[in-house]
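So you can see what is in the structure, the chains are spelled out below.
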Amino acid sequence: MAAFETDFRKAVVYQVYVKSFCDSDGDGLGDLPGITSKLDYLKHLGIDYLWLTPFYPSPQRDNGYDVSDYCAVDPAYGTMADFEELVAQARDRGIGIMLDMVLCHTSAKHEWFRRALMGEKRFQDYYILRDGRGSSGPGDPGEPPTNWQCAFGGSAWEWVPRLGKWYLHLHDRSQPDLNWENPEVRDALVDVVRFWKDKGVSGFRFDVVNLISKPAVFEDDTTGQGRRLFADGPHVHEFLKELVDRAGIDGMMTVGEMAATNLKNCVRYTNPAEHELGQVFTFHHLKVDYKDGQKWALQDPDIAKLREVFRLWQEGMQAGGGCNALFWCNHDQPRAITRFGGREGVGQTGGSWEKVGKMLALCTHLMQGVPYIFQGEEIGTTNAGFTSIDQFRDVETLNNYNILLGQGKTPAEALHIVNERSRDNGRTPMQWTGEKNAGFSTGTPWIGLPGNYDRVNVEAEMDKPGSLWSFYRELIRLRKEHAVISQGSVRFVDAGSAAPKVIAYERAYEGVRLLVLCSFDGAPCRATCEDTVFRWERGQVLIGNYDTPQVNAAGESVDLRPYEAVALIERA
Ligand code: NOJ
């Protein structure tokens, strides 16, 4: 059995979207044996932990984030024996398995909710049921109890005629929120986490976990706070501490997904002295291309804003002793390589596609925190480029497509917007080869693939000198080798007015310094970095996406080419 990386600062996590990773039985869905068959691939890439998205029984209204049985495997994905085999095989390779815990809500098909609907008071207290506003009495729904909107569009309340009550669902109406105020609910959820811990998993990712504690009084959102109104609620830290303590997972590899959160709370979630979580996923850096903060309104990424968000979260978490999860992509995000450039020369070494992919990777992998790679990111998977709304599967996308039409957009305009923003961009099958269905499945995949998989695939990238894949492998290796990456302090640097789209930061550890420059500019620019303390005369290239960086004499500036990224390290 190989040893696990227990120093999380040196670890890299790889996220597998189970439904789309590898289909072992030709039914068009990825499955657990498929993942096991790819462990050697993952080991070769160098990752330490594997986060698996939910594979529990589910009606799949929200692709498994609507769980109907927390302690079982959906037959579509395999059996419990398959899961145990995966854990054992991963452990043999020194890879830890992390599971996705969806504990903020259940599926409406979960036994608890079904029994609540059947009238069992005990289970009604597992959920959040309220009378309608202005209701004249039983049978009259009145209005929803508040004007809160759910994450996927529309009211966050659903009327249940047979109970004469509304229930709260912060996501789809098939995902009723659990009532964490009820100690019996918390007990039951501790049992769920323990169940999987006892199966030998090494860590957990907690879905939208900062939404578990609802406000004491339910009031309308009159100030446009949106999700802030119910994020990081009054008992959230208390509930998390209790869960972590009672499930016995303190110090394990854990990460919480935080919706609309803030720095102060995230410091608390992740400072080890608080005994809550290891890292947090936050999303402010992935909203810099939302026009007026609206996901379904397009604008080019605002790089000044991106830099400010990274600075705030890197320096702020450092000051508070917290820890960031570092990521660009996951199953809820369009592909970053498409989002930040790289539409040209897809699949061609040397084109902007490859440069952008490497620049993005370098930018986050050399920061303070724990890097997460989402399946396919290491080969430069692009957005799907679907041509018809029928090709989309995601509930959020389909709801918002209709909302856009309702707002007067033409079908072509609405399709263009969902093509840029849909979560399905991150859910297309893993591209293993240039063969049929990219080698993902011998059957018909549950969702289509980007048309470029003949050029963008593992076979074309793996172990190729200069490839994006090789660059990822090198970044993973460097984090293990250099304490300045895994443990160094971080400070953001002003790249200067001639480099408005450059993100620059320094790392330092025991006399070793690193200067990182990442250009999000498709045109050349000059970075001056006047406030850096980096000693240019000692600088050598640690890693970069062009052959030789153009450092001007005496190190007064660096001329960066389109999407250039370079890390310079001081050598004595
Ligand atoms: C976040 C998950 O990543 C997303 O896929 C899901 O729809 C929501 N949480 C609700 O569980």
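Residues numbered from 1 in each chain as written. Predicted model: local features only at pLDDT ≥ 70, side-chain atom pairs only at ≥ 80, totals over all residues. Heavy atoms only, no water.

Moving on, we come to the packing of helix 8 (residues 263-270) against helix 9 (residues 303-320). Packing of helix 8 against helix 9 leaves a shortest axis separation of 10 Å and a crossing angle of 50°. Overall, the two elements helix 8 and helix 9 adopt an arrangement that is oblique. Helix 8 and helix 9 meet at a crossing whose hand is right-handed. For the pair formed by helix 8 and helix 9, the contact residues are Leu263, Cys266, Val267 and Thr270 on the first element and Leu312, Trp313, Gly316, Met317 and Gly320 on the second. Looking at side-chain class alone, the contact of helix 8 with helix 9 contains 6 nonpolar, 3 polar and no charged residues. (Axes fitted to C-alpha atoms, helices over the stretch in contact; angles between N-to-C directions. Helix = DSSP H or I, 4+ residues; strand = E, 2+ residues; numbered from the N terminus. Parallel < 35°, antiparallel > 145°, perpendicular 65-115°, else oblique. Left-handed = near helix turned anticlockwise from the far one by under 90°. Contact = heavy atoms within 4.5 Å. Nonpolar A, V, L, I, M, F, W, Y, C, P; charged D, E, K, R; others polar.)

Inspection of the secondary structure puts Ser174 in the loop between strand 6 (165-168) and helix 6 (183-198). Here Asp172 takes part through its side chain, which lies 2.6 Å from a polar atom of the side chain of Ser174. What Ser174 contacts, discounting residues up to four positions off in sequence, is Arg61, Asp66, Thr106, Ser107 and Ala108. (Polar contact = N/O pair within 3.5 Å; in protein donor to acceptor, adjacent residues only side chain to side chain.)

So, about the site of the ligand. Of all residues adjacent to the ligand, which total 14 residues, the nearest are Asp62, Asp207, His331, Asp332 and Arg423. Measuring from an oxygen atom of the ligand, one finds a side-chain N or O atom of His105 at 2.9 Å. At a separation of 2.5 Å, an oxygen atom of the ligand approaches a polar side-chain atom of Asp332. When the ligand sits alone it has 290 Å² of accessible area, and the protein chains cover 97% of it. When the residues that make up the shell around the ligand are grouped by side-chain class, the tally is 3 nonpolar, 4 polar and 7 charged. (Near = heavy atom within 4 Å. Areas by Shrake-Rupley, 256 points an atom, 1.4 Å probe, with all protein chains shown as cover.)

This brings us to the domain arrangement of the chain. The parts lose accessible area when they come together, and the size of an interface is often stated as this lost area. Splitting the chain by domain gives domain 1 (111-168) and domain 2 (489-570). Each of domain 1 and domain 2 was reduced to a C-alpha centroid, and the two centroids are 55 Å apart. (Domains from an automatic or database assignment.)

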